[in-house]
Amino acid sequence: SLNGTKPFDESFYTVSGCLEKMEEILSKAEDEYTKNMFGPEKERYKPHVDWYNHILGALIRSNTEGTLSKAKMIFRGMEEFQNNSHDENSRSNNQGAIRPCWSSPDTVSYNTILFGLSQNPGIVQGKEAGELLQKMNENYGRSNNPSIRPDDVTYGVVLNALAQSGMAPAAENIF
């Protein structure tokens, strides 16, 4: 058995079954971190940004109903953690709009959400992609942290989202 899942359980091999298992593993790691966050080995338990990025990517690639919203909830939790407003109380107070996380977003996190927005063309998604790029640029400018610096992929995905949304003038002004 794989952590209580039968090796031939069909749900484990579906997109939703795999996503559920990934989220279950991450939740267990987050629970271990909260139990040990003041101990000497706290960094051993802290969920890494790559873990969140894997889930964000899987959600976006699944392209099933509701996964973009779910990915954005995780991303907002990562942003909340980055802004240092994350504490133990927010784990229960913000259920719904934000999924509390224990790591800040990086360029891959931003690009993943931007890619999800570009896969769902519409004026709202195009505008949201432009605003997210602006926020990313502001965060990078404020912190000079290379892990959140927009890259070629960032600009390409935003251009795609804006073009698909019929926002050519906005696309011309992103540089």
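A brief report on the enclosed structure follows. Since this is a predicted model, take the numbers as computed values, not measurements. (Residues numbered from 1 in each chain as written. Predicted model: local features only at pLDDT ≥ 70, side-chain atom pairs only at ≥ 80, totals over all residues. Heavy atoms only, no water.)

**Quick word on the pattern of salt bridges**
Alright, step 1. The final tally for this structure, using the stated rule, is 7 salt bridges.
Alright, step 2. Where K70 meets E23, a salt bridge forms, and the shortest distance between an N and an O atom there is 3.0 Å. In this pair, K70 sits in helix α4 (residues 67-82) while E23 sits in helix α1 (residues 15-36), placing the two residues 47 residues apart along the sequence.
Alright, step 3. Overlapping salt bridges, with partners in common, bring together K21, E24 and K28 in one network. (Salt bridge = Lys/Arg side-chain N within 4 Å of Asp/Glu carboxyl O. Helix = DSSP H or I, 4+ residues; strand = E, 2+ residues; numbered from the N terminus.)

**Regarding the side chain of R99**
Alright, step 1. Tracing the sequence through the fold places R99 in the loop between α5 (90-93) and α6 (107-118).
Alright, step 2. For R99, the residues in contact, after removing those within four places along its chain, are L26, S27, E30, Y52, M73, I74 and G77. (Contact = heavy atoms within 4.5 Å.)

**Remarks on the packing of helix α3 (residues 49-62) against α4**
Alright, step 1. Packing of α3 against α4 brings their axes to within 8 Å, and their N-to-C directions diverge by 160 degrees. Classified by the interaxial angle, the pair formed by α3 and α4 is roughly antiparallel. For α3 against α4, the interelement crossing comes out left-handed. Residue-level inspection shows V49, Y52, N53, I55, L56, L59, I60 and S62 of α3 in contact with α4, the latter providing T67, L68, K70, A71, I74, F75 and M78.
Alright, step 2. The residue makeup of the contact of α3 with α4, split by class, is 11 nonpolar, 3 polar and 1 charged. (Axes fitted to C-alpha atoms, helices over the stretch in contact; angles between N-to-C directions. Parallel < 35°, antiparallel > 145°, perpendicular 65-115°, else oblique. Left-handed = near helix turned anticlockwise from the far one by under 90°. Nonpolar A, V, L, I, M, F, W, Y, C, P; charged D, E, K, R; others polar.)

**Topic: the environment of S104**
Alright, step 1. Considering the arrangement of structural elements, one finds S104 in the loop between α5 and α6.
Alright, step 2. Separated by 20 residues in sequence, S104 and N84 have C-alpha atoms that sit 9.5 Å apart.
Alright, step 3. Apart from the residues lying within four places of it in its own chain, the contact partners of S104 are V49, M78, F81 and Q82.

**A short note on the nonpolar core**
Alright, step 1. Core analysis: the largest hydrophobic core is formed by 36 residues, its most contacted members being Y52, I74, M78, I113 and L114.
Alright, step 2. Going through the elements one at a time, α1, α3, α4, α6, α7 (123-143) and α8 (152-164) are the ones with two or more residues in this core.
Alright, step 3. When residues of this core are assigned to their parent elements, the largest contribution, 7 residues, is made by α3.
Alright, step 4. Contact partners of Y52, with chain neighbours within four places excluded, come to L26, E30, P47, I74, M78, R99, C101, W102 and S103. (Core = buried A, V, L, I, M, F, W, Y, C linked by side-chain atoms within 4.5 Å. Buried < 20%, exposed > 50% of the residue type's maximum accessible area, 1.4 Å probe, protein only.)

**A look at the packing of aromatic side chains**
Alright, step 1. By the definition in use, this model includes 3 aromatic pairs.
Alright, step 2. Look at F75 and Y110: their rings are 5.0 Å apart centre to centre, the planes differ by 75 degrees, and that puts the pair in the edge-to-face class. Of this pair, F75 sits in helix α4 while Y110 is found in helix α6, placing the two residues 35 residues apart along the sequence.
Alright, step 3. On the basis of relative accessibility, which here comes to 0%, the residue Y110 falls in the buried class.
Alright, step 4. When the ring of F81 is compared with that of W102, the centres are 6.3 Å apart and the planes differ by 70 degrees; the resulting orientation is edge-to-face. Of this pair, F81 sits in helix α4 while W102 sits in the loop between α5 and α6, and the two are 21 residues apart along the sequence.
Alright, step 5. Residue classification places W102 among the buried positions, given a relative accessible area of 3%. (Phe/Tyr/Trp six-rings, centres within 6.5 Å; stacked < 30°, edge-to-face > 60°.)

**Topic: the environment of Q125**
Alright, step 1. Along the polypeptide, Q125 turns up in helix α7.
Alright, step 2. Residues Q125 and Q164, spaced 39 residues apart in sequence, show a C-alpha to C-alpha distance of 9.4 Å.

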